[in-house]
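What the coordinates show
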Amino acid sequence: FPVTIATPPPFPIVHRILKSACGRCHQDGHHRGGIQLNTPMQVNRDAAVILQSIETGSMPYMDPTWNQTRDAQVVIRYLKAVLVNEIPSEDLEE
């Protein structure tokens, strides 16, 4: 599916980034701070908290400049789209 500036990235791309950057504490049975990032429903439910944590540099833990990376910008674009209800319906399912 064609990706433009306005098109939010699909969840599988976001999930791969989250697994790499956040998985140690927030995936596969780990849920520090009550945040789990295994499914679209989990990520979308906590989108505002996740977005704030990334944008302020408090997450990923001990990596305050991760929010400036290309991967972080992809995740931020996805989370902002969630917050304004611009996510494709297939990304809203478990």
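Above this note sits the structure.
Presented here is an overview of the structure given in this document. Predicted model only: the values in this text are computed from it and were never measured. (Residues numbered from 1 in each chain as written. Predicted model: local features only at pLDDT ≥ 70, side-chain atom pairs only at ≥ 80, totals over all residues. Heavy atoms only, no water.)

Relative to the helices and strands, V49 is located in helix 3 (residues 47-55). The partly exposed category is assigned to V49, whose relative accessible area is 46%. (Helix = DSSP H or I, 4+ residues; strand = E, 2+ residues; numbered from the N terminus. Buried < 20%, exposed > 50% of the residue type's maximum accessible area, 1.4 Å probe, protein only.)

Take the packing of helix 1 (residues 11-26) against helix 4 (residues 70-83) next. The geometry of helix 1 relative to helix 4 is characterised by a closest axis approach of 10 Å and an angle of 130° between their N-to-C directions. The angle between the axes of helix 1 and helix 4 places the two elements in the oblique class. Where helix 1 crosses over helix 4, the handedness of that crossing is left-handed. Residues F11, I13, V14, I17 and L18 of helix 1 pack against D71, V74, V75 and Y78 of helix 4. (Axes fitted to C-alpha atoms, helices over the stretch in contact; angles between N-to-C directions. Parallel < 35°, antiparallel > 145°, perpendicular 65-115°, else oblique. Left-handed = near helix turned anticlockwise from the far one by under 90°. Contact = heavy atoms within 4.5 Å.)

Let us look at the pattern of salt bridges. Under the definition given, this model contains three salt bridges. Two residues, D46 and R45, come together in a salt bridge whose shortest N-O distance is 3.3 Å. With relative accessibility at 15%, the residue D46 sits in the buried group. Judged by its relative accessible area of 56%, R45 falls in the exposed class. Its salt-bridge partner being E55, residue K80 comes within 3.4 Å of it at the nearest N-O pair. Of the two residues, K80 is situated in helix 4 and E55 in helix 3; the sequence distance between them amounts to 25 residues. Look at K80 and you get partly exposed, because its relative accessible area is 43%. Its relative accessible area of 39% is what places E55 among the partly exposed residues. (Salt bridge = Lys/Arg side-chain N within 4 Å of Asp/Glu carboxyl O.)

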